[in-house]
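Fold and geometry: a report
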Amino acid sequence: MKFDGRKAFRVRMDHRQPVNLMGSDGTWRRSCVLLDISQTGAKVEVEGTLDVLKAKEFFMLLSSTGLAYRRCELVWIDGTIAGVHFITVDGKKKSAGAPAPRQNDVQDK
């Protein structure tokens, strides 16, 4: 569903979906609740201090084992709510119209 005038389709979470944000170097970690997500970014409610989110890049861990994750950068903060943008493999922001790489494409490189 598109809402808030966004280019990418976002999915709002109907239940509390726990995720973690973690520093690229692994020195910090914050528990969060995923509020909505799209191909290009997400909105999370962060538990604890937000000062570490000012890092240039960090990871959003989508699984408890850390095997599913996205590389992120902070876009905005409003109280305990933060918006993040996903960064692609080549270091650029993912455009809303760009298809996600297929598994075979990633393995062939």
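Scroll up to find the structure.
Report on the accompanying structure. For clarity, every value in this text was computed on a predicted model and none was experimentally measured. (Residues numbered from 1 in each chain as written. Predicted model: local features only at pLDDT ≥ 70, side-chain atom pairs only at ≥ 80, totals over all residues. Heavy atoms only, no water.)

Across its full length, the protein chain carries one helix and six strands. Written out in order from the N terminus, the α and β elements of the protein chain read β-β-β-β-β-β-α. Evaluated residue by residue, the protein chain yields a buried proportion of 33% over its 109 residues. Summed over its atoms, the accessible surface of the protein chain is roughly 7200 Å², and 52% of this surface lies on carbon and sulfur atoms. (Helix = DSSP H or I, 4+ residues; strand = E, 2+ residues; numbered from the N terminus. Buried < 20%, exposed > 50% of the residue type's maximum accessible area, 1.4 Å probe, protein only. Areas by Shrake-Rupley, 256 points an atom, 1.4 Å probe, with all protein chains shown as cover.)

With that settled, consider the nonpolar core. By size, the foremost hydrophobic cluster in this structure holds 18 residues, and its most contacted members are Leu-21, Val-44, Val-46, Leu-53 and Met-60. Of all the elements in the fold, those that place two or more residues in this core are strand 1 (10-23), strand 2 (29-38), strand 3 (41-46), strand 4 (58-61) and strand 6 (81-86). Aside from chain neighbours lying at most four places away, what touches Val-46 is Leu-21, Arg-30, Ser-31, Cys-32, Leu-53, Thr-80 and Ala-82. (Core = buried A, V, L, I, M, F, W, Y, C linked by side-chain atoms within 4.5 Å. Contact = heavy atoms within 4.5 Å.)

A few words on the pattern of salt bridges. When the charged atoms of two side chains with opposite charge come close together, those side chains can pair. Evaluated as defined, the whole model comprises three salt bridges. We note a salt bridge from Asp-36 to Arg-10, for which the minimum N-O separation is 2.5 Å. Here Arg-10 lies in strand 1 and Asp-36 lies in strand 2, a separation of 26 residues in the sequence. A relative accessible area of 3% places Asp-36 in the buried class. In this structure, the salt-bridge partner of Glu-57 is Arg-71, at a minimum N-O distance of 3.0 Å. Of this pair, Glu-57 sits in the loop between strand 3 and strand 4 while Arg-71 sits in strand 5 (residues 69-78); the two residues are 14 residues apart in sequence, bridging distant segments of the chain. Judged by its relative accessible area of 26%, Glu-57 falls in the partly exposed class. (Salt bridge = Lys/Arg side-chain N within 4 Å of Asp/Glu carboxyl O.)

Right, let's talk about the state of the cysteines for a bit. Taken as a whole and judged by the stated rule, the model has zero disulfides. Of all cysteine sulfurs, the one in Cys-72 lies closest to Cys-32, which takes part in no disulfide; the gap is 9.7 Å. (Disulfide = S-S within 2.5 Å.)

Now for the pairing of strand 1. In this sheet, strand 2 lies alongside strand 1 in antiparallel orientation, the contact comprising nine bridges. The residue bridging Leu-21 from the neighbouring strand is Arg-30, located in strand 2. Two successive antiparallel strands, strand 1 and strand 2, enclose a turn made up of five residues, where Gly-26 displays a positive phi of approximately 80°. (Pairing = 2+ DSSP bridges.)

Where burial is concerned, most of strand 2 is hidden: seven out of the ten residues are buried. Two successive antiparallel strands, strand 2 and strand 3, enclose a turn made up of two residues.

What follows concerns the environment of Asp-25. Residue position: Asp-25 is located in the loop between strand 1 and strand 2. It is 8.3 Å that separates the C-alpha atoms of Asp-25 and Phe-58, two residues lying 33 residues apart in sequence. Among the polar contacts made by the side chain of Asp-25, one reaches the side chain of Thr-27 at a distance of 2.8 Å. (Polar contact = N/O pair within 3.5 Å; in protein donor to acceptor, adjacent residues only side chain to side chain.)

What follows deals with the sheet that holds strand 4. Within the closed barrel, the six strands sit side by side as 1-2-3-6-5-4. Their pairing is antiparallel. Averaged over all adjacent pairs, the angle separating strand axes in this sheet is 45°, with direction ignored. (Axes fitted to C-alpha atoms, helices over the stretch in contact; angles between N-to-C directions.)

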